[in-house]
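# Residue-level structural notes
Listed below are the residues making up each chain.
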Amino acid sequence: MNYRATAPLTKGPRRTPLALLCAATLATALTACTGGGVQGTSGAAGVRDPYFPKLGNGGYDVRHYGLKLGYDPASRHLTGTAEITARAAKNLSAFNLDLKGLDVRSVTVEGRKARFQRAGDELTVRPHDDLDRGETFRVTVRYSGTPRTITDADGSEEGWLPADDSALATGQPTGSTAWFPGNHHPSDKASYDIEVTVPKGLKALSNGELTRQTTSGGRTTFAWRNAEPMASYLATVVVGDYDLKTSTTPGRHGVPVLTAIDPTLPKKQYDRTEKVLADIPDIMEWAETNFGAYPFSSTGAVVDGRSGLDYALETQTKPLFPVGQADTTTLVHELAHQWFGNSVTPKTWQDMWLNEGFATFAEWLYEEDNGGDTVEETVDALYDGELYESEEANEAVWAFPPAKQPDAASISDDPVYERGAMVIQKIRETVGDDAFYEIVQGWTETYRHRNASTKDFTAYVEKHAGDDETRAELRGVWSDWLYGEGKPDER
């Protein structure tokens, strides 16, 4: 990787002449002067994702993030300490972290000062000693500044969304780079402890369960733990004044439900939102019946009307909703993502249809199971161009195949959602309901807390589909509906 020649290194302790000689010949002598004899190399500055090639980093696997954040909505200033526990996948003399903006004050590796450089959104860390392949190591990054709001290729905003008295942190697909350093690609999942300190009187929510809340010196600290693996784009922080309610999902193994509603909503909107969120336990029970055991230890939802959020997002265990999308259909969609996207996470952003296709299918299935149109009727109407009033809306689904998005701006377009859901229904029609639900529940169990690609999915479906004739029909579904250009000739 090329680095800016003018990028300064952090100041370190006085070097001996030998160390100065090493610094002058970074490409080769740095490794030789560590004394470990490992002969490490630099980890890659990206994982070559088809649409975000510079996102993520090579050479290591993150196991845990410990984030300690302080935020003041009045000044919009964030301070942070990120303690990252990772395992080296190769002998490393240097490695990268993704971080957009923010000022890095110091970096240590295993408690020893490490040199670092900034180049664009890359933070390159050179530890005092090379890291051996298989070695578990701890990186601590101290940083601060005003976190950025990022405008995506499709025009939506993510990252840090501030308001006068609140803030939301969102991450899909790259927004998490705006508020903490890490390996920000969905292929590297980890557990999280996120501690947030805010002015007294405000609340700070995050993924997982609250483990501690303390107040001192006019500030309150909320500590949250997400023990199950999570992709960084699903991490969130919510700061503000919210009305909280708790409940539990049904059954002997019910999990806690925490909902948060913006109290500034007009009363009619507030009451309607409260009624919708009260259905979470019942929706969760329905989802477990269809998709298998819930993969996390808590669930819930956050509804906000102040930060400018204009889309719902499946942040792990606590999906985020703007006021206008806090409805039952969207709630079903985002809760379904806890299985499809959050537990079974795509290997690359090109596999996005596995998230959105299943979540959209869940919307249609919920309607079918609650007295509305069947999924078959919905798919027929979409295929016939009769689902929407607008011809343009009906035609949008055929713009490109769901597994072959043309660019990064297209990963959240209609074909990924609706044509992706049509693929799921075609599988159901091909194998029959009994085999279909066995496949779906087997898929979520086999790949629970793992990453999966489109090829993994099609291979799994074919393996469990039954006879050779059925497998041949499925290959036709892949060629016509999943990868084929334009509208298939036959429904």
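Please read these numbers as outputs of a predicted model, since none were measured by experiment. (Residues numbered from 1 in each chain as written. Predicted model: local features only at pLDDT ≥ 70, side-chain atom pairs only at ≥ 80, totals over all residues. Heavy atoms only, no water.)

Glancing now at the overall build of the chain. Secondary structure assignment for the chain yields 12 helices and 23 strands. For 491 residues, the compact-globule formula gives about 23 Å, and the C-alpha radius of gyration of the chain, at 24 Å, lands near that figure. Projected onto its principal axes, the C-alpha coordinates of the chain cover approximately 75 × 55 × 45 Å. Counting across all 491 residues of the chain, residues that qualify as buried make up 56%. Restricting the contact set of the chain to residue pairs at least 6 apart, pairs at least 24 apart contribute 68%. Accessible area of the chain: about 20,600 Å², with a carbon and sulfur share of 47%. The averaged location of the 73 negative side-chain charges in the chain is 14 Å from the averaged location of its 49 positive side-chain charges. (Helix = DSSP H or I, 4+ residues; strand = E, 2+ residues; numbered from the N terminus. Rg over C-alpha atoms; globule rule 2.2 N^0.38 Å. Buried < 20%, exposed > 50% of the residue type's maximum accessible area, 1.4 Å probe, protein only. Contact = heavy atoms within 4.5 Å. Areas by Shrake-Rupley, 256 points an atom, 1.4 Å probe, with all protein chains shown as cover. Lys, Arg positive; Asp, Glu negative; His and termini not counted. Charge placed at Lys NZ, Arg CZ, Asp CG, Glu CD.)

In this section: the sheet that holds strand E4 (residues 92-98). Strand order across the open sheet formed by four strands is E1-E4-E8-E7, with mixed pairing between neighbours. Single-partner strands in this sheet number two, and they are strand E1 (41-42) and strand E7 (115-119). Relative to E4, E1 runs parallel, the two sharing two bridges. Within the sheet, the bridge partner assigned to threonine 41 lies in E4 and is leucine 92. (Pairing = 2+ DSSP bridges.)

Here the focus is the sheet that holds strand E20 (residues 299-304). Across the sheet, which stays open at both edges, the four strands sit in the order E18-E19-E20-E21 with mixed pairing between neighbours. Two strands bound the open sheet, and with one partner strand each, they are strand E18 (243-248) and strand E21 (320-322). Recorded for the sheet is a direction-independent mean angle of 15 degrees between the axes of neighbouring strands. Both E18 and strand E19 (residues 256-261) contribute to a ladder of six bridges, which runs antiparallel. When the sheet's bridge partners are listed, serine 247 is paired in E19 with valine 257. Of the strands in this sheet, E18, E19 and E20 are in contact with helix H4 (residues 280-291), which crosses E20 at around 130 degrees. (Axes fitted to C-alpha atoms, helices over the stretch in contact; angles between N-to-C directions.)

What follows is about the pattern of salt bridges. Evaluated as defined, the whole model comprises 20 salt bridges. When the shortest N-O distance is used, the salt bridge between arginine 306 and aspartate 165 registers 3.9 Å. In this pair, arginine 306 sits in the loop between E20 and E21 while aspartate 165 sits in the loop between strand E11 (157-163) and strand E12 (166-170), placing the two residues 141 residues apart along the sequence. Measuring nitrogen to oxygen at the nearest pair gives 2.7 Å for the salt bridge that ties arginine 225 to aspartate 193. (Salt bridge = Lys/Arg side-chain N within 4 Å of Asp/Glu carboxyl O.)

Our next topic: the nonpolar core. Of all hydrophobic cores here, the largest spans 136 residues; its most connected members are Phe95, Trp179 and Ile427. Among the elements that take part in this core, helix H6 (residues 352-369) stands out by supplying 10 residues, more than any other. For phenylalanine 95, the residues in contact, after removing those within four places along its chain, are Gly43, Tyr60, Val109, Leu123, Thr124, Val125, Pro127, Leu131, Phe137 and Val139. (Core = buried A, V, L, I, M, F, W, Y, C linked by side-chain atoms within 4.5 Å.)

Turning our eyes to something else, we now look at the pairing of strand E17 (residues 237-240). Because side chains alternate across E17, one face comprises the buried residues Val237 and Val239, and the other comprises Val238 and Gly240, equally buried. Sheet topology places E12 next to E17; three bridges connect them, and they run antiparallel. The residue bridging alanine 169 from the neighbouring strand is valine 237, located in E17. Of the strand pairs in this sheet, strand E14 (residues 203-206) and E17 are connected by four bridges, and their pairing is antiparallel. From the neighbouring strand, lysine 203 faces E17, where its bridge partner is glycine 240.

With respect to the helices, strands and loops of the structure, serine 166 is situated in strand E12. Residue classification places serine 166 among the buried residues on the basis of a relative accessible area of 0%.

In this structure, the amide linkage connecting glutamine 172 to the following residue, proline 173, adopts the cis form with an omega of 0 degrees. Among the secondary structure elements, proline 173 is positioned in the loop between E12 and strand E13 (190-199). Backbone geometry at threonine 317 places phi at a positive 70 degrees, although glycine is not the residue there. Along the chain, threonine 317 turns up in the loop between E20 and E21.

Okay, a negative patch on the surface next. Negative charge collects at one region of the surface, where Glu367, Asp373, Glu376 and Glu377 lie side by side. Tracing the backbone shows glutamate 376 in helix H7 (residues 375-383). (Patch = residues over 30% accessible without salt bridge, like charges linked within 9 Å, V, L, I, M, F, W, Y side chains within 5 Å.)

This part takes up the packing of aromatic side chains. Within this structure, the stated rule accounts for 27 aromatic pairs. A centroid spacing of 5.6 Å and a plane angle of 65 degrees characterise the contact between phenylalanine 361 and phenylalanine 436, whose relative ring orientation is edge-to-face. With phenylalanine 361 in helix H6 and phenylalanine 436 in helix H10 (residues 433-446), this pair connects stretches of sequence that are 75 residues apart. The same class applies to phenylalanine 361 and to phenylalanine 436, which are both buried. Relative to tyrosine 447, the ring of tryptophan 443 has its centre 4.5 Å away and its plane inclined at 40 degrees; by these criteria the two rings are tilted. Positioned above the aromatic ring of tyrosine 383, the side-chain terminus of lysine 487 is 4.4 Å from the ring centre. (Phe/Tyr/Trp six-rings, centres within 6.5 Å; stacked < 30°, edge-to-face > 60°. Lys NZ or Arg CZ within 6 Å of the ring centre and 35° of its normal.)

Attention now goes to the packing of H4 against helix H5 (residues 328-336). When two helices pack together, their arrangement is given by the angle between their axes and by how far apart the axes lie. Packing of H4 against H5 brings their axes to within 10 Å, and their N-to-C directions diverge by 50 degrees. Here H4 is positioned oblique relative to H5, judged by the angle of their axes. The way H4 lies across H5 gives a crossing that is right-handed. Residues Ile280, Ile283, Met284, Trp286 and Phe291 of H4 form the contact with H5, whose own contacting residues are Thr328, Leu331, Val332, Leu335 and Ala336. Here the residues of the contact of H4 with H5 are counted per class, giving nine nonpolar, one polar and no charged. (Parallel < 35°, antiparallel > 145°, perpendicular 65-115°, else oblique. Left-handed = near helix turned anticlockwise from the far one by under 90°. Nonpolar A, V, L, I, M, F, W, Y, C, P; charged D, E, K, R; others polar.)

Take the confidence of the model for the chain next. The pLDDT averaged across the chain works out to 92; a share of 92% of its residues lies at or above 70. Scored below 50 in pLDDT, residues 1-37 makes 41 contacts in the model with residues more than four places away or belonging to other chains. (pLDDT = per-residue confidence, 0-100.)

The next subject is the environment of glycine 171. Along the polypeptide, glycine 171 turns up in the loop between E12 and E13. A relative accessible area of 0% means that glycine 171 is categorised as buried. Not counting residues within four places of it along the chain, the set of residues in contact with glycine 171 comprises Glu158, Ser176, Tyr233 and Leu313.

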